[in-house]
There are 2 protein chains.
Amino acid sequence: MKIDFSRAVSLLKDNDNFIILTHTNPDGDTLGAGFALLSALRKLGKRAKLLNNDIIPEKYRFLVSDGDDFENGFVVSIDVADTVLLGKEIQGKYADRIDLAIDHHSTNRLFAKESYVEGESASVCEVVYLIIKALGAEIDSFIATCLYTGCSTDTGCFRYTNVTPRTHRIAAELIEHGARHGDVNVRMFETQTRGFLKLQSLCIASLEMHFSGKVCVITVTQKMLHDCGCGDEDCDAIVALSRRIEGVQAGITFKEKKDGSYKVSVRTHEELDAAAFCSIFGGGGHERAAGCQFECPLEEAKRQVLAEMEKFLEKKA
Amino acid sequence: MKIDFSRAVSLLKDNDNFIILTHTNPDGDTLGAGFALLSALRKLGKRAKLLNNDIIPEKYRFLVSDGDDFENGFVVSIDVADTVLLGKEIQGKYADRIDLAIDHHSTNRLFAKESYVEGESASVCEVVYLIIKALGAEIDSFIATCLYTGCSTDTGCFRYTNVTPRTHRIAAELIEHGARHGDVNVRMFETQTRGFLKLQSLCIASLEMHFSGKVCVITVTQKMLHDCGCGDEDCDAIVALSRRIEGVQAGITFKEKKDGSYKVSVRTHEELDAAAFCSIFGGGGHERAAGCQFECPLEEAKRQVLAEMEKFLEKKA
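Computed from a prediction, not measured in an experiment: that's the story for all the values here.

For the rest of this paragraph, the subject is unusual backbone geometry. Residue and element names in this part refer to chain A. Notably, Leu110 is not glycine yet its phi reads approximately 55°, a positive angle. Within the secondary structure layout, Leu110 lies in the loop between strand E4 (100-103) and strand E5 (114-117). Residue classification places Leu110 among the partly exposed positions, given a relative accessible area of 37%.

Pasting the structure below:
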C-alpha cells in the first residue's frame with residue numbers, strides 16, 4: 001500500500017527495534033540514507049541496526065555507524081525498488097516481512113506492507129533528510145555527511161538533470177548541519193589511483209570509433225586490468241567515459257570477465273534506448289544505461305553488436 | 001578603494017554605457033557573469049558591451065549575447081584580479097581607467113577606482129546574481145543559465161570546498177529562474193573531444209610524482225596541444241587532473257605558452273595554501289587554486305618550483 005509522508009513519519013515514531021535493509025552492490029545513497037536513519041532513530045532512544053547482503057566497500061566505510069544487537073523488529077527497506085535487489089541472503093530472510101519501504105524509484109514494486117515512494121526525488125537521502133527533520137532528531141555532522149553523500153553521488157555531484165531546486169536547498173542545509181562536503185566529494189569523485197589513470201590511457205589508446213563517430217567502442221581485457229593493478233570497480237568509470245566523447249550517441253564497452261566471457265555495457269545519450277538495444281541480446285537495464293553478456297570470442301561479439309547497432313542507428317535516422 | 005555591496009549596486013544603477021571587461025583565457029565564470037550583467041543592464045534600458053582580449057572558445061559561445069555599439073563609457077571589470085589578466089590589448093587601453101571592479105579573488109590588486117571584492121564567494125557569478133537581483137532586473141532563462149554556468153564551473157560542479165550553503169541556494173534559485181543546468185553540465189563536464197582524451201593520455205604518460213607522491217607534476221607543451229588538436233581551453237581539465245591522484249597534496253601543471261614562457265597552475269587539497277605558494281613567484285589566486293608565470297626554460301622553472309615546494313611541505317609537516 002502506498003502511504004504519504006506523515007504516515008511514514010508516524011510509523012517510525014511509533015515503532016522500535018528497526019531493522020534497516022539496504023540494496024546489494026551498496027552505493028552512497030542507500031548507505032548514506034540507511035546509516036543516517038539508523039543514527040537518527042538511536043538519537044531518539046530507539047534501537048536500530050542496518051543489514052546489507054554484501055561487504056561494504058572501503059570507499060563507503062566512513063558512512064558506517066554501530067547498530068544495536070537484537071533479533072526481531074520493524075523492518076524498513078531504503079532505496080530498494082525490488083526485493084531481488086536485497087541480495088540472496090537478506091531477500092530469503094526478509095522479503096515477505098518488510099513493514100515500510102522508503103524509496104525514490106518510481107518503479108518500486110510495492111512489496112512492503114506500506115511504501116513511501118518519492119519518484120521525483122533525485123536521491124533517497126533527500127527523502128530521509130525530510131523524514132529525520134520531521135522526526136525531530138538532532139542532525140549532527142555525521143548524519144549530515146551521510147545524507148549529503150547520497151545527495152551528491154546519486155546526482156553525479158549535482159550534475160544530472162534529476163537535480164531540482166530542492167536538491168540544492170537540502171545540500172545547503174546539510175552543509176549548515178556540518179556535512180563534510182569537501183571530504184565526501186574528494187572521496188567519491190576526485191580521487192583516482194595512478195593505476196586507474198593508466199588503465200584509462202590504455203583504453204583511450206585502443207578506443208574505436210564507428211558510424212561517423214556516433215559509436216565509441218572500448219575494450220577492457222583482464223590483462224589490462226592486471227597490468228594496471230585495477231579491479232572490476234574501476235571499470236564503471238571507463239564505461240561512463242565511452243559516452244563522453246563529443247558526437248557519440250552510444251558508448252559500448254566490452255569487458256572481459258575472469259572466465260573469458262564478455263560483459264557488454266551500453267551507455268547512450270537521449271537519441272538511443274540502451275535497454276531496447278541490449279534486449280536484442282537478452283540483456284536489459286535503463287534507457288541510458290544497459291548491458292548484456294557474450295560467451296563467444298571478442299571479435300565475434302563485436303561483429304554482432306556493431307551489426308545490430310548499425311540497424312539501430314538507421315531506424316533512428 | 002574598496003566599496004560595499006550597496007555602493008556597487010548604486011554605481012551600476014546611476015551610470016550608463018557600460019564596458020564590461022573579462023579576463024583572458026576566459027572561463028565560464030568571467031563570461032557567465034559578464035554576459036549576465038550585460039543582459040541585465042540592457043533589460044534596464046542601459047547600453048552595454050563586453051570585451052575580451054581573446055576569441056571566445058566554442059565551448060562558451062552559448063553564453064554570448066549582443067552588446068551595444070559605442071565608444072566611451074563606465075568601465076567594469078569582472079573576475080579580474082590584476083590588470084595583467086585583461087590581456088595585452090585590453091590592458092593597454094583600459095588598465096588605468098577601470099571605474100568598478102567586481103571580483104571574488106581576495107588577492108584583487110584594487111586597480112579600479114572602486115572595487116567590490118567578495119573573497120569568500122565561490123564564483124563571481126554568485127556576486128553578480130545578488131547584484132542583478134538588487135538592481136531589480138528580470139532574471140530570465142538566459143541570464144540564469146549564464147550565472148549557473150559560473151556557479152558550476154568555478155566549483156567543479158559543486159564539488160570543491162569553496163562551495164557554501166549560499167552557493168547551493170543560489171543554484172536552486174537559478175534553476176527556478178530557468179537555468180538549463182543539465183545542458184550546461186553536459187557541455188562543461190561530460191563532453192570531451194577525442195583530441196582532449198589523447199592529450200590527457202599524453203599528460204598521464206609524462207606525469208611525474210615527487211616527495212613520496214605528495215606532489216604531481218604535469219607538463220603541457222605547445223607541441224602536445226598541436227598534436228592533439230587541442231587549445232588552451234583544454235588545459236583546465238588537465239590542471240584539475242593534477243590534484244586527483246590518490247595521496248597528492250599539490251598538483252602542479254606547467255603549461256607552455258605560445259611565446260615559449262610557462263604558466264604554472266597549482267591545485268591543492270586542504271593541507272596547502274596554493275595562493276601563498278604562488279605568491280613566492282609573484283603569482284596569486286585562491287587557497288586551493290592559484291597560478292604564476294615563468295619566463296625561463298621549463299627545467300629551470302621546475303627546479304625553482306620544486307625547491308620551494310619542498311620547503312613549503314616541510315613547513316606544513
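This part is about the nonpolar core. One finds Ile102 of chain A together with Ile102 of chain B to be the most contacted residues of the largest nonpolar core, which totals 108 residues. Other than its neighbours up to four places away in sequence, Ile102 of chain B contacts Leu12, Leu37, Val76, Ser77, Ile78, Asp79, Tyr116, Val124, Val127, Val128 and Ile131 of chain B. One finds Tyr262, Leu272, Phe281 and Leu298 of chain B within the second-largest nonpolar core, a separate group that totals 25 residues.

The next point concerns the sheet that holds strand E5 (residues 114-117) of chain B. All names here are of chain B. On the basis of which strands lie adjacent, the open sheet formed by 5 strands has the order E2-E1-E3-E4-E5 and parallel pairing. In the strand order of this sheet, the two ends are held by strand E2 (48-51) and E5, each with one partner. Taken over all neighbouring pairs, the strand axes of this sheet differ in orientation by 20° on average, direction set aside. Bridge count between strand E1 (residues 18-21) and strand E3 (residues 74-78): 4 bridges; the pairing is parallel. Its bridge partner being in E3, Leu21 is matched across the sheet by Ser77. The strands touched by helix H2 (residues 28-43) within the sheet are E1, E2, E3 and strand E4 (100-103), with E2 carrying the most contacts at an inclination of about 165°.

Our focus in this paragraph is the environment of Met1 of chain B. Residue and element names in this part refer to chain B. Structurally, the position occupied by Met1 is in the segment before helix H1 (5-14). Assessed through its relative accessible area of 58%, Met1 is described here as exposed. In this structure the C-alpha to C-alpha distance between Met1 and Glu114, which are 113 residues apart in sequence, comes to 4.8 Å. Look past the residues within four positions of Met1 in its chain and what remains in contact with it is Ala112, Lys113, Glu114 and Ser115.

What follows is about the sheet that holds strand E3 (residues 74-78) of chain A. Residues and elements named next belong to chain A. One open sheet holds the 5 strands; their spatial order is E2-E1-E3-E4-E5, and the pairing between them is parallel. Of all strands in the sheet, those bounded by a partner on one side alone are strand E2 (48-51) and E5. The average angle at which neighbouring strand axes cross in this sheet is 20°, direction not considered. One ladder, built from 3 bridges, connects E3 with E4; its direction is parallel. Bridge pairing in E4 links Val76 to Leu100. Sheet strands in contact with helix H2 (residues 28-43) are strand E1 (18-21), E2, E3 and E4, and its direction is about 165° off that of E2.

Least-squares fitting of chain A to chain B yields an RMSD of 3.0 Å, with the superposition described by an axial translation of 0.5 Å and a rotation of 180°. The relationship between the two copies is best expressed as a two-fold rotation axis. Proximity to the rotation axis, assessed at the C-alpha, singles out Ser201 of chain A in chain A; its C-alpha lies 1.6 Å from the axis.

Before going further, it helps to examine the packing of helix H4 (residues 124-135) of chain B against helix H6 (residues 165-176) of chain B. All names here are of chain B. Between H4 and H6, whose axes approach to 11 Å, the crossing angle comes to 55°. Here H6 runs oblique to H4, going by the angle between their axes. As for the relative orientation of H4 and H6, their crossing is left-handed in sense. Counted together, Glu126, Val127, Tyr129, Leu130 and Lys133 of H4 and Arg166, Thr167, Ile170, Glu173 and Leu174 of H6 form the full contact between these two elements. Looking at the contact of H4 with H6 residue by residue, the class counts come to 5 nonpolar, 1 polar and 4 charged.

This next bit is on the state of the cysteines. Residues and elements named next belong to chain B. Scanning the model with the defined rule gives 0 disulfides over all chains in all. In this model Cys151 remains outside any disulfide bridge; the closest cysteine sulfur is found in Cys125, 5.6 Å from its own. Cys230 provides the cysteine sulfur closest to Cys228, a residue in no disulfide bond, and the two sulfurs are 5.2 Å apart. Look at Cys228 and you get buried, because its relative accessible area is 8%.

Another point: the confidence of the model for chain A. The predicted model of chain A has a mean per-residue pLDDT of 93, with 100% of residues at 70 or higher. Both scores are given for the predicted complex: the pTM is 0.82, the ipTM 0.83.

Definitions and cut-offs
Residues numbered from 1 in each chain as written. Chains lettered and ligands numbered in written order. Predicted model: local features only at pLDDT ≥ 70, side-chain atom pairs only at ≥ 80, totals over all residues. Heavy atoms only, no water. Helix = DSSP H or I, 4+ residues; strand = E, 2+ residues; numbered from the N terminus. Buried < 20%, exposed > 50% of the residue type's maximum accessible area, 1.4 Å probe, protein only. Core = buried A, V, L, I, M, F, W, Y, C linked by side-chain atoms within 4.5 Å. Contact = heavy atoms within 4.5 Å. Pairing = 2+ DSSP bridges. Axes fitted to C-alpha atoms, helices over the stretch in contact; angles between N-to-C directions. Least-squares fit on C-alpha atoms with pLDDT ≥ 70 in both. Parallel < 35°, antiparallel > 145°, perpendicular 65-115°, else oblique. Left-handed = near helix turned anticlockwise from the far one by under 90°. Nonpolar A, V, L, I, M, F, W, Y, C, P; charged D, E, K, R; others polar. Disulfide = S-S within 2.5 Å. pLDDT = per-residue confidence, 0-100.

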